[in-house]
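Here is what each chain is made of, one letter per residue.
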Amino acid sequence: MASFTASSVSFSAVSCSFKQNKVSSLGKASLSFSGNGSPSRRLPALRFRVSCAAKPETVNKVVDIVRKQLALPADRDVSGESKFATLGADSLDTVEIVMGLEEEFGISVEEESAQSITTVQDAADLIEKLLEKK
């Protein structure tokens, strides 16, 4: 039997199969569930973001730079999923974060790429992509 809530799915004696229809940055996927004594359940197509995650060391360096630039307290939780706007960064802060990243990693970030960075993970992924090209 599977039970569903607004933000999570819990399973009890259930098998789950995942079938991805398309491989791209945003693709369709279907998820089906079946279990003992219950009919198979099929959820509508879901969207997943597929990306290659940056190395933890890169993410940690980005976290440190973001903390320093935004003068965040040590107890403030900052992770790869943290959005700059949620952390209190305005557009000027974001530009200064990108400048700090360029200096730390010895890279140059194009303005178009810089505008697409919204999270710590976005920044770390872009850094690794640029470092691969070097």
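Residues numbered from 1 in each chain as written. Predicted model: local features only at pLDDT ≥ 70, side-chain atom pairs only at ≥ 80, totals over all residues. Heavy atoms only, no water.

**Re the confidence of the model for the protein**
With 61% of its residues at a pLDDT of at least 70, the protein reaches an overall mean of 76. Contacts for the low-pLDDT stretch residues 1-30, under 50 throughout, to residues beyond four places or in other chains number 57 contacts. (pLDDT = per-residue confidence, 0-100. Contact = heavy atoms within 4.5 Å.)

**Here's the deal with the side chain of Asp122**
Summarising the element assignment, Asp122 is placed in helix α4 (residues 120-133). What makes Asp122 buried here is its relative accessible area of 14%. Within the structure, the side chain of Asp122 is placed 2.9 Å from the side chain of Thr118, a separation counted as a polar contact. (Helix = DSSP H or I, 4+ residues; strand = E, 2+ residues; numbered from the N terminus. Buried < 20%, exposed > 50% of the residue type's maximum accessible area, 1.4 Å probe, protein only. Polar contact = N/O pair within 3.5 Å; in protein donor to acceptor, adjacent residues only side chain to side chain.)

**Side note on helix α1 (residues 56-70)**
Between its first and last C-alpha atoms α1 spans 21 Å; for 15 residues at 1.5 Å apiece the expected length is 21 Å, and the two agree. Here α1 has its buried residues at Thr58, Val59, Val62, Val63, Ile65, Val66 and Leu70. Buried residues along α1 cover an arc of 165° about the axis, so they all sit on one side. Turned more than 90 degrees away from the buried face of α1 sit Pro56, Glu57, Asp64 and Lys68, all of them exposed. Residues of α1 that are buried in the fold lie against α2 (91-105) and α4. Residue Ala71 follows α1 closely and has a positive phi angle near 50°. (Expected span 1.5 Å × (residues − 1). Arc of directions from axis to C-beta.)

**Considerations on the nonpolar core**
Generally speaking, soluble globular proteins have nonpolar side chains that are buried together. One finds Val62, Val66, Phe84, Leu101 and Val120 to be the most contacted residues of the largest nonpolar core, which totals 26 residues. Breaking this core down by element, the ones donating at least two residues are α1, α2 and α4. Excluding residues within four positions of it along the chain, Val62 makes contact with Leu101, Phe105, Val120, Ala123, Ala124 and Ile127. (Core = buried A, V, L, I, M, F, W, Y, C linked by side-chain atoms within 4.5 Å.)

**A word on α2**
Compared with the 21 Å implied by 1.5 Å per residue over 15 residues, the 21 Å span of α2 between its first and last C-alpha is a close match. Where α2 is concerned, the buried positions are Asp93, Thr94, Ile97, Val98, Leu101, Glu102 and Phe105. In this structure, the buried side of α2 is in contact with α1, α3 (111-115) and α4. Backbone nitrogen of Leu92 and a side-chain oxygen of the N-cap are separated by 3.1 Å at the start of α2; the cap is Asp90. Downstream of α2 by one or two residues, Gly106 has phi in the positive range, about 65°.

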